[in-house]
Amino acid sequence: KGHGDGQLFYPTGVITGPNNEIIVADAYNHRIQIFSSVGKFLRGWGKKGKTTGKFDVSSGMALTPAGVLLVADFYNHRIQMFKLDGQYVGALGSPGKGVGQFDRPTDIAVATNGDMYIVDWGNHRIQKRSSQINDK
């Protein structure tokens, strides 16, 4: 438990990436951390904030078929997208109740065809988004 590299404070999501890397949503540290398959810290990014690349509680995650990491950004009411080196790619959503809007998204899954299923916790629904992101 802690705030340094390799330490976690309320981890909320974990997935495996290329080369069996372990990708963790470190929610209350407002960041993503990546570890080797044996648990050695490799890299991480993010801190608390509202601007691009920052989080206000990072929660669930998924990888697109092209390897883009999607992260549910709970209190910023959006899904952020990154390359696995931490480079910001873009974001989906805004606060609200309409289609494509979120109220505290908590998790995300991606089908093999790229369709996204987003847990829109505050709106009590699952939103399906067709693959519309540029994975290049």
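Residues numbered from 1 in each chain as written. Predicted model: local features only at pLDDT ≥ 70, side-chain atom pairs only at ≥ 80, totals over all residues. Heavy atoms only, no water.

A. Layout of the pairing of strand S6 (residues 69-73). The buried fraction of S6 is high, at five of five residues. A two-sided burial pattern is seen for S6, the buried positions comprising Leu69, Val71 and Asp73 on one face and Leu70 and Ala72 on the other. Across four bridges, the pairing between strand S5 (residues 58-63) and S6 is antiparallel. Note that in S6 the partner of Met61 across the bridge is Val71. (Buried < 20%, exposed > 50% of the residue type's maximum accessible area, 1.4 Å probe, protein only. Helix = DSSP H or I, 4+ residues; strand = E, 2+ residues; numbered from the N terminus. Pairing = 2+ DSSP bridges.)

B. Spatial organisation of the sheet that holds strand S13 (residues 125-129). If you trace the three strands from one edge of the open sheet to the other, you get S11-S12-S13, paired in antiparallel fashion. The strands lining the two open edges of the sheet, one partner per strand, are strand S11 (105-110) and S13. Averaged over all adjacent pairs, the angle separating strand axes in this sheet is 20°, with direction ignored. With five bridges joining them, strand S12 (residues 116-120) and S13 adopt antiparallel strand pairing. Residue Tyr117 lies in a different strand from S13, and its bridge partner there is Lys128. (Axes fitted to C-alpha atoms, helices over the stretch in contact; angles between N-to-C directions.)

C. Looking closely at the sheet that holds strand S1 (residues 11-16). One open sheet accounts for four strands, arranged S1-S2-S3-S4; its pairing is antiparallel. The open sheet is flanked by S1 and strand S4 (41-45), the only strands paired with a single partner. Adjacent strand axes in the sheet meet at a mean angle of 20° when their direction is disregarded. One ladder, built from four bridges, connects strand S3 (residues 31-35) with S4; its direction is antiparallel. Following the sheet pairing, Ile34 is matched in S4 by Arg43.

D. Inspection of the nonpolar core at higher detail. Among the nonpolar cores identified, the biggest contains twelve residues, and these are Ile15, Ile23, Ala25, Ile32, Ile34, Trp45, Phe55, Met61, Leu69, Val71, Phe82 and Leu84. Among the secondary structure elements, those contributing two or more residues to this core are strand S2 (22-26), S3 and S6. With residues near it in sequence (within four places) discarded, Leu84 still touches Pro18, Ile23, Ile34, Arg43, Trp45, Leu63, Gly67 and Leu69. Ala62, Ala72, Ile79 and Phe102 belong to the second-largest nonpolar core, a separate cluster that totals eleven residues. (Core = buried A, V, L, I, M, F, W, Y, C linked by side-chain atoms within 4.5 Å. Contact = heavy atoms within 4.5 Å.)

Nothing here speaks to function; it is all geometry.
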